[in-house]
Amino acid sequence: MSLEVTLITGRTVSQGEAMERGKDLDDYTKAAAVCELDPADMEKIGINEGDTIKVSTGIGEVIVRAVKSRQYPHEGIVFIPMGPWVNSITDMPADSTGMPPFKGIPVKIEQAKGEKVLSSHDLIEKLYLRGNEKGEGVR
Amino acid sequence: MGMILKNGIVFDPMNNVKGEKKDILIENGVIVDKLNERTARVVDVSNKVVMPGGVEIHSHMAGGKVNSGRALRPEDHRGFVMPKTDITRSGSGFSTPTTFMTGYLYSKMGYTTGMTAALPPLMGRHTHEELKDIPMMDKGALTLLGNNWFVMRYLKEGDIEKCAAYVSWLLNAVKGYAVKIVNPGGSEAWGWGKNCRSIDDPVPHFDITPQEIIKGMVEVNERLCLPHSVHLHPNNLGRLGNFETTLQTMKIPNGTKAAGDRQVLQVTHTQFHSYGGDSWKTFESKADAIADVINKSDDIIIDTGFVTLDETTTMTADGPMEFYLSGLTRLKWVNRNIELETSPGITPFVFSKKMPTASIQWAIGLELALLIEDPWKVLLTTDHPNGGPFIRYPRIIAWLMSEKYREKTISEVHKAVNKRSVVPTLDREYDLNEIAVITRAGQAKSLGLDHIKGHLGPGAHADIAVYDIDPANLNPNNYAEIEEKFANTAYTIKDGEIVVKDGEIVKVVDGRTLFVNAKVDPGIEKDVIKDIEYNFKRFYSINLANYPVRKEYLTRPMEIRT
Amino acid sequence: MKKAKGYGRMVTDVVCPFCGTLCDDLEVVVEDNKIKNVRHACRIGSSKFLAMNELKRPNRPMIRKDGSFEEVDMAAAIEECGRILSRSKRPLLYGWSSTGCEAHFVGIELAEELGGVIDSTSSVCHGPSVIAIQDVGYPSATLGDVKNRADLIIYWGANPMHAHPRHLSRYSVFPRGYFRERGQQDRELIVVDVRKTDTAKLANRFVQVRYGEDFELLSALRLVINGKELEADEVAGVSKEDILELADRMKTCQYGTLFFGMGLTQSYGTHRNIDAGISLVRDLNHHTKFSIVAMRGHYNVTGIGEVLTWQTGYPFAVDFSRGYPRYNPGETTANDVLQREEADAALIIASDPVAHFPKKAVEHLARIPMITIGPHMIPTAQLSEVFIPSSISGIEEASTAYRMDTVPLKLRKVIEPPEGIYSDVEILEMILENVRERRVRQMEREKKAGEGR
């Protein structure tokens, strides 16, 4: 079962706090490798708080943890804090402003039971050092 | 090692030297009357004009508002650039040049000192950061005080002494040089979208009038014995029929004694305040009425605020004026209300030769300079960049020196100048001595800097401009040559060092930052500081401890004590 | 500096180096060069100060050798930076928002020396606001002016309770002001957002706009405010009735302020949304007093814009490749330079593009030699050839920063940096010197070769 929704990204107070403590700590993953969903959307595909989910766009996919939004209602919109997780699926700017589309991205959300949420370090290793999804290291 | 500028034709109006062949001796950055000639470097300036370095008295060259103007207009920057060289930094901007470039451009014209026209105290640190990046010149900042809540409250209470103590504290806190008043009361009224349209319009919520602010601040200024007089941008700038407000304003300081050998009031960019008419169709010059008052007054001088017929970026602490102007042009508009202090605005403007208004504005500036008889009472400015950029000074000099050039321009601008100004009937031509007065000596005197600036007598800073003009063969009809020669010096000398040669920067130097430390009664100062502490906490958005600008933001700080 | 009760010393009037709110009333208790306590700061600000004690910070420069980092001395790191940058034909110097203006001065000079592109995080933040301002202007005010006068506060596409936690309490909604003696009771708060954010929960009125239709809603409000008839029954998910009421409220307040954030700049329409917002505020000034303020993110992102502007003429995305400054968003902006795979080296300072840029841009950064300067081992450092740890501006170094409303403040030094750690300014100066020496040597070599011919 999957859900087609609109993704927006941005700052949260927890993400800011954790970022200042250190992006190599667990707190940062807990704060930024999450997807805030409207409770109604969660119900639609049977996602519970804390489930691992796969969020995908034309650019790629990422595994994050689902959390119930405290800032709802926003049915049809999901929120992932700014950070390497969400940016592994965001696209480049195309409108001559230099600004990548960080808000309003069409995404697909699916259950991903058993999948692991990578730490920032491991995510970057995987994407840009050890190899990308084509199986070749970027470097 | 000293330096001798040999065989130049010297124009030093303050010392009554009007075009004499004379050597200028320099040692340790100052002008001296004796020198060991054998070890001195001799620079031959035979048959070239030698003047004190130019002094800019009113130019929006640094600070938050100027920078907003730069950021607002990439179109002003694209076509006017300076690439980096081995000794100079790059830059861009026609009407709002970047900081390094500002220093270079002034220096090429022979200017060595300049006052930035409007420092809002809360933004003082920003102004000084930019001044630090303007090389080649000594500089200072006129400090905005005409809409300040503390000032208005003390003056309303009639407490000149406390107001003086506050002004002294503030100038020292933000390292300002002089008191600037812009649209007194009107810029505070703009906090509510309103304005003060006459000198008797009450300022909303403050129970005081522009007239009372001006009168009080003139008294404060003279009580503190500040080097410069109050520097006033009157109410109603740019409005139809505003010359009457200007005439009323000029009566306000009546009888106040100046603390030094200078005026008690400088009415700034007076061109913008000399308008008659009650519609754009009847818009006309009233420069004659203003000039008449200045001619009769011993207390008031003006600077011109020439219009140079260019596309430019207007900017002033007169917020309501900029809103009004942008409403006429429908061009982009910036406003910057600054808590408790002022409300600057910015909008681009095209002074087109095709426009009757712009053409008459061009004429008004010239009329003021040609109708005011004593050149010490009329200082050359464009209110950069409002009437046009400062790089047009050489062109203005050419207009003033050459009737033929004026005739040519009159033939190009809108024919309205023939009916609604008198400039076509004026045949006065400035001579080089008068040019030296209106571009340096007069400014230095007005600023109270005449002991070190604006002249070439012993003890003066060795800031000197040498122009490749031979006065014996000067023909005012060759106006293009006059403009070209004043745009590029043969030599600019700053503190005794050659910094420009043949119009090229050959050495980059840092100038001084001039600021004032005025003495007040310590008891009253203590009371006032208590009052500042109490109100600052409640109404400002930063802590008092973070307000003052420390000397580390200044280049070669030079304190002027009173 | 006061003596704190019981222990240590207390540094007062400390400016917080986190967000553009630049709170300057922090009190920091220091003992033995350790931060013991921070008063008045928000959660993020406290975290930044207090984390200093726990952080395992790298204390030596590192160079990548055979795929992994090796510690080196400073001279070797600078030499490597000089080598990378001097070889580069189009280096990108990016970041600058979390360091002081003193570092900007050196950085811009370095970019000019190299003929490179210098860009700040504005590029992915309020860059569109800058573009809109260049189109229509910016009727703005300082935050103290808002505090003293405003009776109507609007946050549009901004969630300060998360991004600028003390913004409401210091400047906009809660504080007492000269003309608003009762504080919050004298003001109305309206929040416009796609979600009912934590800021929206505090509002007197929450307007939920449909995603991507801010421009439509702003335009509808302009229409009504300019006296035209609104024909639609609903715009952007907001009913006609609500729009009319909102417009009326805006027109009849005494002094209103519209704060806007990434909800407008990063959503569909980008700079056109801001254009509409600014134009709305301009229209409102024909009826009452209204100002608009961009909620700038990093504590000194405003500062890099100011410094770039007074030194080059442009607020971000400046290209020195022709020897003089050029600016063309969409061409000289960081993501575009990376997207076109033009940059052949990068110097990243006081930011983390590997965490905050889209994947394709990061892929290019991973391919080219990259230098990172900053206090922490961040994702960008992880992909760099050279990483030079630096001290923390505003905690370990005094510096200058500009608040979101361009009020400049002097940041204080609270504690000494760890031994062997240099400031951003010192590191950049060393790199600049190295690059200049290389240029002189190169010129001498060319001269000799020319003589030989």
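Residues numbered from 1 in each chain as written. Chains lettered and ligands numbered in written order. Predicted model: local features only at pLDDT ≥ 70, side-chain atom pairs only at ≥ 80, totals over all residues. Heavy atoms only, no water.

The secondary structure content of chain B amounts to 18 helices and 26 strands. Scaling as 2.2 N^0.38, a compact globule of 562 residues should have a C-alpha radius of gyration of about 24 Å, and chain B matches this with 22 Å. In terms of overall dimensions, chain B has a C-alpha envelope of 65 × 55 × 45 Å along the principal axes. With 562 residues in all, chain B has 68% of them scored as buried. For chain B, contacts bridging at least 24 residues in sequence account for 77% of all contacts bridging at least 6. For chain B, the computed accessible surface area is about 17800 Å², with 47% contributed by carbon and sulfur atoms. Of note, chain B has its 66 positive side-chain charges centred 4 Å away from the centre of its 70 negative side-chain charges. (Helix = DSSP H or I, 4+ residues; strand = E, 2+ residues; numbered from the N terminus. Rg over C-alpha atoms; globule rule 2.2 N^0.38 Å. Buried < 20%, exposed > 50% of the residue type's maximum accessible area, 1.4 Å probe, protein only. Contact = heavy atoms within 4.5 Å. Areas by Shrake-Rupley, 256 points an atom, 1.4 Å probe, with all protein chains shown as cover. Lys, Arg positive; Asp, Glu negative; His and termini not counted. Charge placed at Lys NZ, Arg CZ, Asp CG, Glu CD.)

Before going further, it helps to examine the packing of helix α4 (residues 127-136) of chain C against helix α11 (residues 271-284) of chain C. Residues and elements named next belong to chain C. Viewed as axis vectors pointing N to C, α4 and α11 meet at an angle of 50°, and their least axial separation amounts to 8 Å. In terms of orientation, α4 and α11 fall into the oblique class. α4 and α11 meet at a crossing whose hand is right-handed. Where α4 approaches α11, its residues Pro128, Ser129, Ile131, Ala132, Ile133, Asp135 and Val136 are matched on the opposing element by His271, Arg272, Ile274, Asp275, Ile278, Ser279 and Arg282. Grouping the constituent residues of the contact of α4 with α11 by class yields seven nonpolar, three polar and four charged. (Axes fitted to C-alpha atoms, helices over the stretch in contact; angles between N-to-C directions. Parallel < 35°, antiparallel > 145°, perpendicular 65-115°, else oblique. Left-handed = near helix turned anticlockwise from the far one by under 90°. Nonpolar A, V, L, I, M, F, W, Y, C, P; charged D, E, K, R; others polar.)

Here we come to the nonpolar core. B:Tyr166, B:Val167, B:Met217, B:Leu400, B:Phe486 and C:Tyr155 are the most contacted members of the largest nonpolar core, which has 227 residues in total. Broken down by element, the residue count for this core peaks at eleven residues, all from helix α6 (residues 160-174) of chain B. Beyond its immediate chain neighbours, meaning those up to four positions away, B:Val167 contacts B:Leu145, B:Val151, B:Val179, B:Met217, B:Val220 and B:Leu224. With 79 residues, the next largest nonpolar core counts A:Val64, A:Trp85, C:Phe18 and C:Phe357 among its residues. (Core = buried A, V, L, I, M, F, W, Y, C linked by side-chain atoms within 4.5 Å.)

Facing 60 residues of chain B, the contacting portion of chain C comprises 64 residues. Taken over both partners, the interface formed by chain B and chain C buries close to 5200 Å², and the fraction arising from carbon and sulfur atoms is 50%. Applying the counting rule to chain B against chain C returns six salt bridges. Our enumeration of links across chain B and chain C arrives at 42 residue pairs in polar contact (both at pLDDT 80 or more). (Buried area = accessible area lost by both parts, 1.4 Å probe. Salt bridge = Lys/Arg side-chain N within 4 Å of Asp/Glu carboxyl O. Polar contact = N/O pair within 3.5 Å; in protein donor to acceptor, adjacent residues only side chain to side chain.)

A few words now on the arrangement of the chains. Ranking the two pairs of chains in contact by number of contacts places chains B and C first. Taking C-alpha atoms only, the smallest gap left between chain A and chain B, which are not in contact, amounts to 15 Å.

Residue and element names in this part refer to chain C. Pairing within the open sheet is parallel, and its five strands lie in the order β12-β11-β10-β15-β16. With one partner strand each, in any of the chains shown, β12 (205-208) and β16 (289-294) form the two edges of the open sheet. Ignoring strand direction, the axes of neighbouring strands in this sheet form an average angle of 15°. Against the sheet, helix α9 (residues 240-252) contacts β10 (152-156), β11 (188-193), β12 and β16, and its axis sits at roughly 130° relative to β12. Running over the sheet, α11 touches β15 (255-260) and β16 and is turned about 160° from β16. (Pairing = 2+ DSSP bridges.)

Residue and element names in this part refer to chain B. Under the counting rule described, the total for this entry stands at 36 aromatic pairs over all chains. Between the aromatic rings of Tyr106 and Phe390, the centroid separation amounts to 3.8 Å while the plane-to-plane angle is 10°, which identifies the pairing as stacked. Remark: Phe390 occurs in the loop between β20 (378-379) and α13 (393-401) and Tyr106 occurs in helix α3 (residues 99-108); sequence separation between them is 284 residues. A relative accessible area of 0% means that Tyr106 is categorised as buried. Between Phe323 and Trp333 the ring centres are 4.8 Å apart and the planes differ by 55°, which places this aromatic pair in the tilted class. Placement of the pair is Phe323 in helix α11 (residues 319-329) and Trp333 in strand β18 (residues 333-337), with a sequence separation of ten residues. (Phe/Tyr/Trp six-rings, centres within 6.5 Å; stacked < 30°, edge-to-face > 60°.)

A separate point is unusual backbone geometry. The linkage connecting A:Tyr72 with the following residue, A:Pro73, adopts the cis geometry, with an omega of 10°. Assignment of secondary structure puts A:Pro73 in the loop between β4 (61-68) and β5 (77-81). Note the cis peptide between B:His384 and B:Pro385, where omega equals -5°. Within the secondary structure layout, B:Pro385 lies in the loop between β20 and α13. The phi torsion at B:Asn28 lies on the positive side, around 50°, for a residue other than glycine. Here B:Asn28 is to be found in the loop between β2 (17-27) and β3 (30-32). Given a relative accessible area of 73%, B:Asn28 falls into the exposed group. The phi angle at B:Asp495 is positive, at roughly 50°, despite the residue not being glycine. Within the element layout of this structure, B:Asp495 appears in the loop between β22 (491-494) and β23 (497-501).

That's the geometry; what it means functionally is another story.
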